[in-house]
Amino acid sequence: MPPAIFRRLIAMTLLIVTPTLFHGQVQRKVITADSDVKLDTPAPHPLSWWTKSRLRDENGRIVTRRGERVEQKVSYLGAISGHRIVQTLTTIHSSQTNSSDGAGVDDLPEQPEQPEQWKSLLVQVGTQGLYEEIYRLEDLGGLFATMKSAAIYGTGPDAILGTYDPDTGNGGGCEEGYWWFDKAGAHEVNFSPLLQAINRIIPENGTYVSSCWALNLEKSELQSWVQKEDAECHACGGLGNIYAQYKIEHGTAIPVSVRFTPEERE
């Protein structure tokens, strides 16, 4: 299994609700251009502070440079437990261009650099029109072809906010985040009961992807291929498939049905 998938699998398997911080919110998750994950607790600001055409880093510094053209789409995604949720998708076009190396380079047209993309999820806190950022994905190297919009899944107090962006590699990796809300604010969804139910029925030497493409939030299901932990390649050592349905109750994924189907042996 590729290291990136294994890393995300471990992170999802160990996912629990983060201890409550000020404003009742989880720590903000920032995925930087080098795929590092940073957690912090940003101060709330008016919505206009977050949605200016100029971009700010996690320390509030302006990060755009001369000659860059910035496009920003601001979307109201809805509200959960009284908290308005706003998403910004920002694209930064550089004025610089790249050309290919090698013989005949002068005859080749210059190719524009891949635009930088930033996704930000903002949640209203309190009654003063202030928003906190709970998630930011920074793509400065074209790892994500086009960032997808986050969305709200479900209705009422058990609705959750989810964001999922598959990368352009061949390992099935992604960046993602899932939150539920109460009066205090945002909290990470707890998938532990669902994963524990799956782990009880798959073979002892089996492993599977429990996040990214395996999760279908619209259908509240998880489907994944199970393979041997010591498989010698990404596509070998198959043991079967897991099919699981769940429901969200107070921010927890409760298993409804879990089924393992072993692969047929010749």
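Here the structure is shown first, and the text comes after it.
Presented here is an overview of the structure given in this document. Every value quoted in this text rests on a predicted model; they were computed, and no experiment measured them.

**Some points on the state of the cysteines**
Right, on to step 1. Summed over all chains, the structure comprises two disulfides.
Right, on to step 2. With its sulfur 2.1 Å from that of its partner, C174 forms a disulfide with C212. Residues C174 and C212 are joined through a disulfide that is left-handed, its torsion about the S-S bond being -85°. One end of the pair, C174, is in strand 12 (residues 174–182); the other, C212, is in the loop between strand 14 (206–208) and strand 15 (215–216), and 38 residues separate them in sequence.
Right, on to step 3. Between the sulfur of C233 and that of C236 lies a disulfide, 2.2 Å long from S to S.
Right, on to step 4. Each disulfide of the protein joins two cysteines, and with those cysteines numbered along the sequence the arrangement is 1-2, 3-4.

**Brief notes about the pairing of strand 9 (residues 130–139)**
Right, on to step 1. Most of strand 9 sits out of view: nine of its ten residues are buried.
Right, on to step 2. Inspection of the sheet shows strand 3 (residues 45–46) paired to strand 9 by two bridges, in the antiparallel sense. The residue bridging H45 from the neighbouring strand is Y131, located in strand 9.
Right, on to step 3. Hairpin connection between strand 8 (residues 116–125) and strand 9: a loop of four residues separates the two successive antiparallel strands, and G126 in this loop has a positive phi of roughly 70°.

**Let's talk about the packing of aromatic side chains**
Right, on to step 1. The final tally for this structure, using the stated rule, is four aromatic pairs.
Right, on to step 2. Geometrically, the ring pair formed by Y135 and W179 is edge-to-face, given 5.7 Å between the ring centres and 70° between the ring planes. Residue Y135 is located in strand 9, and its partner W179 is located in strand 12; the two are separated by 44 residues in the primary sequence.
Right, on to step 3. For W179, a relative accessible area of 3% gives the class buried.
Right, on to step 4. Ring geometry for F191 versus Y246: centroids 6.2 Å apart, planes at 75°, classification edge-to-face. One end of the pair, F191, is in the loop between strand 13 (185–188) and helix 3 (192–201); the other, Y246, is in strand 17 (residues 238–249), and 55 residues separate them in sequence. The burial state of F191 is the same as that of Y246; both residues are buried.
Right, on to step 5. Across from the ring centre of Y76, 4.2 Å away, lies the NZ or CZ of R84, which sits over that ring.

**Overview of the pattern of salt bridges**
Right, on to step 1. Taken as a whole, this structure holds six salt bridges when the rule is applied.
Right, on to step 2. The closest approach of N and O atoms between R28 and D40, which form a salt bridge, is 2.7 Å. Within this pair, whereas R28 is found in strand 1 (residues 28–31), its partner D40 is found in strand 2 (residues 37–40), the two being separated by twelve residues in sequence.
Right, on to step 3. With a shortest N-O distance of 2.6 Å, K119 and D165 are connected by a salt bridge. Of this pair, K119 sits in strand 8 while D165 sits in strand 11 (residues 160–166), placing them 46 residues apart in sequence. Each member of the pair, K119 as well as D165, carries the same accessibility label: buried.
Right, on to step 4. Each of R28, D40, E133, R136 and E138 takes part in one network of salt bridges that share partners.

**Regarding the nonpolar core**
Across soluble globular proteins, nonpolar side chains have a tendency to be buried as a group.
Right, on to step 1. Ranked by size, the top nonpolar core spans 23 residues in total, and within it F191, L194, I198 and L222 carry the most contacts.
Right, on to step 2. Those elements that provide at least two residues to this core are strand 12, helix 3, strand 16 (221–228), strand 17 and strand 18 (252–262).
Right, on to step 3. Among the elements that line this core, the one with the most residues is strand 17, at five residues.
Right, on to step 4. Sequence-distant contacts of L222, defined by excluding residues within four places in its chain, comprise L194, L195, I198, V209, S210, A214, L215, I242, Y243 and A244.
Right, on to step 5. Membership of the second largest hydrophobic core comes to 17 residues, among which are I31, L89, Y135 and W179.

**Describing unusual backbone geometry**
Right, on to step 1. At S81, a residue that is not glycine, the phi angle is positive and equals roughly 50°.
Right, on to step 2. The exposure class assigned to S81 is partly exposed, which follows from its relative accessible area of 35%.
Right, on to step 3. One non-glycine residue, S220, lies in positive phi territory at about 50°.
Right, on to step 4. Among the secondary structure elements, S220 is positioned in the loop between strand 15 and strand 16.

**Comments concerning the sheet that holds strand 10 (residues 151–153)**
Right, on to step 1. Overall, antiparallel pairing links the four strands, which are arranged 10-11-12-13 in an open sheet. Taken across any chain shown, the strands that pair with only one partner, and hence form the sheet edges, are strand 10 and strand 13. Ignoring which end each strand starts from, the neighbouring axes of this sheet average 35° apart.
Right, on to step 2. When strand 11 meets strand 12, the two strands line up antiparallel, connected through seven bridges. Paired with Y164 across the strands is E176, a residue of strand 12.

Cut-offs applied
Residues numbered from 1 in each chain as written. Predicted model: local features only at pLDDT ≥ 70, side-chain atom pairs only at ≥ 80, totals over all residues. Heavy atoms only, no water. Disulfide = S-S within 2.5 Å. Helix = DSSP H or I, 4+ residues; strand = E, 2+ residues; numbered from the N terminus. Buried < 20%, exposed > 50% of the residue type's maximum accessible area, 1.4 Å probe, protein only. Pairing = 2+ DSSP bridges. Phe/Tyr/Trp six-rings, centres within 6.5 Å; stacked < 30°, edge-to-face > 60°. Lys NZ or Arg CZ within 6 Å of the ring centre and 35° of its normal. Salt bridge = Lys/Arg side-chain N within 4 Å of Asp/Glu carboxyl O. Core = buried A, V, L, I, M, F, W, Y, C linked by side-chain atoms within 4.5 Å. Contact = heavy atoms within 4.5 Å. Axes fitted to C-alpha atoms, helices over the stretch in contact; angles between N-to-C directions.

Honestly, it's all geometry; don't read function into it.
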